[in-house]
Amino acid sequence: MSLRAKFNLVILAAIAAGFLIAAVVVNRVFNDNARDQVLQNARIMMTAANAIRKYTAGELVSLLPMEHNGKFVPETVPAYAAQKNFRDVQTAFAGYTYREPALNPTNLSDRAQDWEADIIGLFRNEAGKDELVVERDTPVGPTLNLARPIVIRDEACLTCHSTPAAAPAILTKTYGSTNGFGWKLNETIGAQVLSVPMAVPFKLAHDAYVTFLLILAGIFAIVFVVLNLLLHYLVITPVKRVSAMADAVSLGEENVEAYIKPGKDEISSLSVSFNRMRESLKHAMEMIK
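Now for a description of the structure that goes with this document.

The rules we used
Residues numbered from 1 in each chain as written. Predicted model: local features only at pLDDT ≥ 70, side-chain atom pairs only at ≥ 80, totals over all residues. Heavy atoms only, no water. 1 Å grid on protein atoms, 1.4 Å probe; cavity = no way out; pocket = protein on both sides within 12 Å on 5 of 7 lines; lining within 4 Å. Points joined across faces, edges and corners; volume = space filled by probe spheres on them. Helix = DSSP H or I, 4+ residues; strand = E, 2+ residues; numbered from the N terminus. Nonpolar A, V, L, I, M, F, W, Y, C, P; charged D, E, K, R; others polar. Buried < 20%, exposed > 50% of the residue type's maximum accessible area, 1.4 Å probe, protein only. Polar contact = N/O pair within 3.5 Å; in protein donor to acceptor, adjacent residues only side chain to side chain. Contact = heavy atoms within 4.5 Å. Pairing = 2+ DSSP bridges. Axes fitted to C-alpha atoms, helices over the stretch in contact; angles between N-to-C directions. Phe/Tyr/Trp six-rings, centres within 6.5 Å; stacked < 30°, edge-to-face > 60°. Lys NZ or Arg CZ within 6 Å of the ring centre and 35° of its normal. Salt bridge = Lys/Arg side-chain N within 4 Å of Asp/Glu carboxyl O.

### Remarks on the layout of surface pockets
Looking at the largest pocket, its volume works out to about 1,400 Å³. Taken together, 45 residues line the largest pocket, and the ones lying closest to its centre are Arg-53, Val-77, Pro-78, Ala-79 and His-161. For the lining of the largest pocket, the elements supplying multiple residues, two or more each, are α1 (3–60), α2 (78–92), β3 (97–99), β5 (141–151), α4 (158–161), α5 (169–175) and β6 (188–197). Considering each element in turn, the lining of the largest pocket owes the most residues, 6 residues, to α2. Tallied by class, the residues present in the lining of the largest pocket amount to 24 nonpolar, 11 polar and 10 charged.

Below, the structure written as structure tokens:
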């Protein structure tokens, strides 16, 4: 095996190992960055939902009547206001959802699904946990779900949710007296669950990842070519000329053309030393003759 072949095998092995390591590490970094970006957006939207809830509870509840045309006014419920407002976001961005599911809601449309009930159960079992991030596969692709517990901190909430007898009559008339009662102070009764699709961020991360790999492959290819050129002109070519001169001298040829590689590197020193040996051998042969 020639020197060039050995050199190229080592370089190609190093490039392949470096490319593989970079591919694995960078793929993880890009995916983690995409996931962090989605989570950051989810937290921003969750903050906006809480702002709507706070505004409704602090500014609108006291201004709106609880009953209108013989029906309960849902706009007085902060959870309703936050979810209603988010439906405009869902219209513009498919796959984005915001819900406030509960284990025992007044409105059955807010009843927790199985996976949401699992989240609520976790919050109930771990009282100190204030946030949970869950990733799920859905029909629209992988989805990141940011959840925060809904805990009864205000006794005013129990006015509508302690017992059917204590609740406003219009509330039980609209939703019945079966659901949404028996809540207790400091009890986790539900969760805020914001779902954000990850298909688009992951696609952008994948496209950036492919672009990075193509650029990296191009850089490795350039380095490989440059190293081969350097090997050819700085090592292989001078060594071949020194080898040819050595062969000629060993076969007893006279007037072998001298070759000294310009420079001060090791190959240059080798050519100088061999040329000195050639001259010494030539003088010795002349003395013998």
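Having seen it, we continue.
### Describing unusual backbone geometry
In this structure, Asn-69 is a non-glycine residue whose phi angle is positive, near 55°. Of note, Asn-69 is situated in the loop between β1 (67–68) and β2 (71–72). For Asn-186, which is not glycine, the phi dihedral falls at a positive 65°. By the element assignment, Asn-186 lies in the loop between α5 and β6.

### Some words on the side chain of Ser-195
Summarising the element assignment, Ser-195 is placed in strand β6. Note on Ser-195: relative accessible area 7%, which makes it buried. There is a polar contact of 2.5 Å between the side chain of Ser-195 and the side chain of Asn-145. Discounting residues that sit within four places of it in the chain, Ser-195 has contacts with Gly-95, Tyr-96, Thr-97, Trp-115, Thr-143, Leu-144 and Asn-145.

### Considering the sheet that holds β6
Pairing between sheet strands relies on hydrogen bonds along the backbone, with the strands arranged either parallel or antiparallel. Spatial ordering of the open sheet is given by β3-β6-β5-β4, a layout of 4 strands whose pairing is antiparallel. Of all the strands in the sheet, the pair left with one neighbour each is β3 and β4 (132–138). Taking each pair of neighbouring strands and ignoring which way they run, the sheet shows an average axis angle of 20°. One ladder, built from 7 bridges, connects β4 with β5; its direction is antiparallel. Directly across from Glu-135, in β5, lies its bridge partner Leu-144. Its contacts with the sheet put α1 on β3, β4, β5 and β6, and the angle it makes with β5 is roughly 40°. Against the sheet, helix α3 (residues 114–125) makes contact with β3, β4, β5 and β6, and its axis sits at roughly 125° relative to β6, the strand it touches most.

### Thoughts on the packing of aromatic side chains
Here the structure, examined in full by the defined rule, presents 5 aromatic pairs. Ring centres of Phe-72 and Tyr-175 lie 5.9 Å apart, and the angle between their planes is 70°; on these two criteria the pair is classed as edge-to-face. A residue pair is termed long-range when its members are at least 10 positions apart, and Phe-72 in strand β2 and Tyr-175 in helix α5 qualify at 103 residues. Directly above the aromatic system of Trp-115 lies the positively charged group of Arg-136, at a separation of 4.0 Å from the ring centroid.

### Topic: the side chain of Asn-179
Relative to the assigned elements, Asn-179 resides in the loop between α5 and β6. A polar contact of 3.4 Å, which involves the side chain of Asn-179, links it to the side chain of Arg-111. Once you skip the residues sitting within four places of it in the chain, Asn-179 turns out to touch Asn-104, Pro-105, Thr-106, Leu-108 and Arg-111.

### Some thoughts on the environment of Pro-164
Mapped onto the elements, Pro-164 comes out in the loop between α4 and α5. Once residues lying within four places of it in the same chain are set aside, the contact partners of Pro-164 are Thr-172, Ser-177 and Phe-181.

### Concerning the pattern of salt bridges
A full pass over the atoms with the stated rule returns 9 salt bridges. As a salt-bridge pair, Arg-28 and Asp-32 come within 3.9 Å of each other at their nearest N and O atoms. Of this pair, Arg-28 and Asp-32 both sit in helix α1, 4 residues apart, roughly one helical turn. The closest approach of N and O atoms between Glu-131 and Arg-43, which form a salt bridge, is 2.6 Å. Pair noted here: Glu-131 is in the loop between α3 and β4 and Arg-43 is in helix α1, with a separation of 88 residues, a long-range link. Several salt bridges share partner residues, and in doing so they unite Arg-28, Asp-32, Arg-35 and Glu-135 into one network.

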